[in-house]
Amino acid sequence: MKTKYFLLLAVIVAVSSAMVVAAAPPAGNATISGKVTYTGTPPKMKPIDMSKEPSCAKQHATPVMTQNVVTGPGNALEYVVVYISAGDQGSTPGTKTVEYDQKGCEYIPHVAVMQPGQPLEIKNDDQTAHNIHPLAKVNQEWNKSQPPGTAPIETKYDKPERIPVKCNIHPWMHGYFVIVNTSHYAVTGNDGSFKLADLPAGKYTVTAWQEQYDAQSQEVTVGAGETKNITFTFKALPY
Ligand SMILES: [Cu+2]
């Protein structure tokens, strides 16, 4: 009787450990979060004159501003891409499509981050034609006309690169594609904050990149379940 009981117990233990192994999530539970700020005097962003494109101009109650250095309260820097440049690189891109919109003669979002091979869909939501021209150097460079009402451009990039994006028709249109070899990335909001969550415990190099002030990196080690707060400070010059 006793032997049978132990045998049954052994089977139950074996089966449940097999189930635990099969269901183990690969992601970790450590977090690196923080804020990106500036010291010094950043350039003043300028209002954009869209009067040559009335169908776009009328979409904006107040003028759209240039976005090379966008600041927020407390010396915050917006549109800074913060990502893991060394350490666990997370998951492969899968099929999640990154959307990039041309609306009101602006690129939305200003900075789009994606992984190599990740599908990128570029839409024209305007009543006018655009000719999007990502100025790639490492990846293949191209430009494409998109008259109003045409289907989105479906594309992807194969290699990591920071690519300035311009429109060959509207000289004020300006954005960025940032292709990174990791799923651990964030773009700062107007408060300069970022959060890289679900990291396995380990040692990382975290890089912060801003289009005008280039990149900074720092080493961070996080333990399981730990949250580390870090800050990046860029020296702002009124170029
Ligand atoms: Cu355009």
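In short, a report on the structure. All residue numbers refer to positions counted from 1 along the written sequence of the respective chain. Only residues with pLDDT of at least 70 get local features here, since the model is predicted, and only at 80 or more are side-chain atom pairs given and counted; chain-wide, interface and lining totals rely on the full set of residues. To get the side-chain values, all heavy atoms of the structure are used, and hydrogens and water are removed first.

## Considering the coordination of the copper ion
Each protein donor to the copper ion is listed here as H130 (ND1), C167 (SG), H170 (ND1) and M173 (SD); together their distances run 2.0 to 2.8 Å. Coordination shells were defined by N, O and S atoms within 2.8 Å of each metal, extended to 3.2 Å for Na, K and Ca; water is absent from the atom set, which can make sites look incomplete. Every geometry call rests on angle ranges, with four donors termed tetrahedral when all angles are between 85 and 135 degrees, four termed square planar and six termed octahedral when opposite donors are over 155 degrees apart and all others are between 65 and 115, and everything else termed irregular. Here the copper ion binds 4 donor atoms, and the angle range of 90 to 137° at the metal identifies the geometry as irregular. The buried label goes to any residue with under 20% of its type's maximum accessible area, the exposed label to any with over 50%, and the partly exposed label to all in between, with areas taken from a 1.4 Å probe on protein chains only. Of the residues examined, C167 reaches a relative accessible area of 5% and is grouped as buried.

## Side note on the state of the cysteines
Cysteine sulfur atoms are paired as a disulfide whenever they come within 2.5 Å of each other. Scanning all chains against the criterion turns up 1 disulfide. The side chain of C56 participates in a disulfide bridge whose partner is C105; the two sulfur atoms lie 2.1 Å from each other. Where C56 bonds to C105 through sulfur, the torsion about that S-S bond is close to 70°, and the disulfide is right-handed. On the criterion of sequence distance, the pair formed by C56 in helix α2 (residues 54-57) and C105 in the loop between β5 (98-103) and β6 (106-108) is long-range, its members being 49 residues apart. Here C56 falls in the buried class, since its relative accessible area comes to 0%. Judged by relative accessible area, which is 1%, C105 ranks as buried. Secondary structure elements follow DSSP: runs of H or I of four or more residues count as helices, runs of E of two or more count as strands, with numbering from the N terminus.

## Side note on the side chain of N124
Within the secondary structure, N124 sits in strand β8 (residues 120-124). Owing to a relative accessible area of 8%, N124 belongs among the buried residues under this scheme. Within polar-contact distance, the side chain of N124 engages the backbone nitrogen of D126 at 2.8 Å. Nitrogen and oxygen atoms within 3.5 Å of one another constitute a polar contact, given that in protein one can donate a hydrogen and the other can accept it, and given that sequence-neighbouring residues count only through two side-chain atoms. Of note is the side chain of N124, whose polar atom sits 3.0 Å from the backbone oxygen of T128. In contact with N124, other than residues within four places in its own chain, are D101, Q102, A129, H130, Q146, P147 and P148. The contact criterion used is simple: two residues touch if any of their non-hydrogen atoms lie within 4.5 Å.

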